[in-house]
Amino acid sequence: MAISSIALSPRKLRHDLYSYSYQQDSNTPLVISVLSSLIERTMARNRRIAKNCAWALPRDIRTRIFDSNETPDMTIQSYLERIFRYTRAGPPVYVVAYVYIDRLCQNYPEFRISGRNVHRLLITTVMVASKYVEDMNYRNSYFARVGGVTTNEMNNLELEFLFLMGFKLHVNVSVFESYCCHLEREVSVGGGYQIERALRCAGEIKSRQKEDQRRYDQIAHHVLL
């Protein structure tokens, strides 16, 4: 789906990333549309490279864990929407998943995102990112059903991914914001909007949440007394 075909702007994207509403009738987070478009363009570029090159880099056998026997008949947009619909993973989860995907591609230059591996790659990175970002999470067996794989496959995908990443899953505030800016540029390129780089600090939000929790604990303590 082209970015220009949906009502999207850097301002709306940023608002979703930091202030998404989890009402019952909430729309799908805007970041899903942006991430879908970006990955689709990456896959198209990979197909052109494969078509024009008579040679190919030897693949690390470990990255083949993401390969399906056949290409799933579901678009990236629809697949991510399905993941959101059944897991309600927040917008920051998809940004962190994008960070993980980018790190994987940097660590393994021979790895190419394709129609055969993108779905398993997405369900794995979203699940791992959800465990990193969210306080409450579903079990691997539930993510497996959502992603269309077996529980055993989901467990193996997670384990192999952790080793491929060297268990380096931390994403600090500056890295998170830089990837948010990259997604904003994606919106700007697709929709012709002026790039807005002023992002609210994720660390500030975390601090406010901790302060709110501290005040709640103090109130609860006085009530109990």
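Keep in mind that what you see is a predicted model, and the values were worked out from it rather than measured. (Residues numbered from 1 in each chain as written. Predicted model: local features only at pLDDT ≥ 70, side-chain atom pairs only at ≥ 80, totals over all residues. Heavy atoms only, no water.)

## Things to note about the packing of aromatic side chains
A ring pair, where both rings are aromatic, is described by two values, the distance of the centres and the angle of the planes.
So, point 1. Throughout the structure, instances matching the rule amount to five aromatic pairs.
So, point 2. Summarising the aromatic geometry, the rings of tyrosine 98 and tyrosine 179 are spaced 5.3 Å apart at their centres and angled 85 degrees between planes, so their arrangement reads as edge-to-face. Placement of tyrosine 98 in helix α4 (residues 91-107) and of tyrosine 179 in helix α8 (residues 173-191) is noted, with a sequence separation of 81 residues between them. Of the two residues examined, tyrosine 98 and tyrosine 179, each falls in the buried class. (Phe/Tyr/Trp six-rings, centres within 6.5 Å; stacked < 30°, edge-to-face > 60°. Helix = DSSP H or I, 4+ residues; strand = E, 2+ residues; numbered from the N terminus. Buried < 20%, exposed > 50% of the residue type's maximum accessible area, 1.4 Å probe, protein only.)

## Remarks on the packing of helix α3 (residues 76-87) against helix α6 (residues 140-147)
So, point 1. α6 packs onto α3 with a crossing angle of 140 degrees between their chain directions and a minimal axis gap of 9 Å. Judged on the interaxial angle alone, α6 and α3 are oblique. Judged by the sense of rotation from one axis to the other, the crossing of α3 with α6 is right-handed. Of the residues in α6, those touching α3 at Tyr79, Arg82, Ile83, Tyr86 and Thr87 are Tyr142, Phe143, Arg145, Val146 and Gly147.
So, point 2. The residue makeup of the contact of α3 with α6, split by class, is six nonpolar, two polar and two charged. (Axes fitted to C-alpha atoms, helices over the stretch in contact; angles between N-to-C directions. Parallel < 35°, antiparallel > 145°, perpendicular 65-115°, else oblique. Left-handed = near helix turned anticlockwise from the far one by under 90°. Contact = heavy atoms within 4.5 Å. Nonpolar A, V, L, I, M, F, W, Y, C, P; charged D, E, K, R; others polar.)

## Considering the pattern of salt bridges
Two side chains that carry opposite charge are able to pair once their charged atoms sit near each other.
So, point 1. What the rule picks out here adds up to two salt bridges.
So, point 2. For arginine 120, the salt bridge identified is with glutamate 153, shortest N-O distance 3.2 Å. Here glutamate 153 lies in helix α7 (residues 151-164) and arginine 120 lies in helix α5 (residues 118-133), a separation of 33 residues in the sequence.
So, point 3. Judged by relative accessible area, arginine 120 falls into the buried class, the value being 17%.
So, point 4. Looking at glutamate 153, the relative accessible area reads 27%, which means it is partly exposed.
So, point 5. Lysine 131 serves as the salt-bridge partner of glutamate 158, at 2.7 Å between the closest nitrogen and oxygen. Taken as a pair, glutamate 158 in helix α7 and lysine 131 in helix α5 lie far apart in primary sequence, 27 residues in all. (Salt bridge = Lys/Arg side-chain N within 4 Å of Asp/Glu carboxyl O.)

## So, the packing of helix α1 (residues 10-19) against helix α2 (residues 30-52)
So, point 1. The geometry of α1 relative to α2 is characterised by a closest axis approach of 8 Å and an angle of 115 degrees between their N-to-C directions. Contacts between α1 and α2 involve Lys12, Leu13, Asp16 and Leu17 on the former and, on the latter, Leu30, Val31 and Val34.
So, point 2. For the contact of α1 with α2, the class distribution of residues is five nonpolar, no polar and two charged.

## Some remarks on a positive patch on the surface
So, point 1. Residues Arg45, Arg47, Arg48 and Arg112 make up a contiguous surface patch of positive charge.
So, point 2. By the element assignment, arginine 112 lies in the loop between α4 and α5. (Patch = residues over 30% accessible without salt bridge, like charges linked within 9 Å, V, L, I, M, F, W, Y side chains within 5 Å. Areas by Shrake-Rupley, 256 points an atom, 1.4 Å probe, with all protein chains shown as cover. Lys, Arg positive; Asp, Glu negative; His and termini not counted. Charge placed at Lys NZ, Arg CZ, Asp CG, Glu CD.)

## A closer look at α6
Residues that lie three or four places apart on an α-helix share one face, since the helix turns once every 3.6 residues.
So, point 1. Along α6, the residues classified as buried are Asn140, Phe143, Ala144, Val146 and Gly147. Relative to the axis of α6, the buried residues are bounded by an arc of 165 degrees and lie together on one face.
So, point 2. Those residues of α6 that are buried are in contact with α3, α5 and α7. (Arc of directions from axis to C-beta.)

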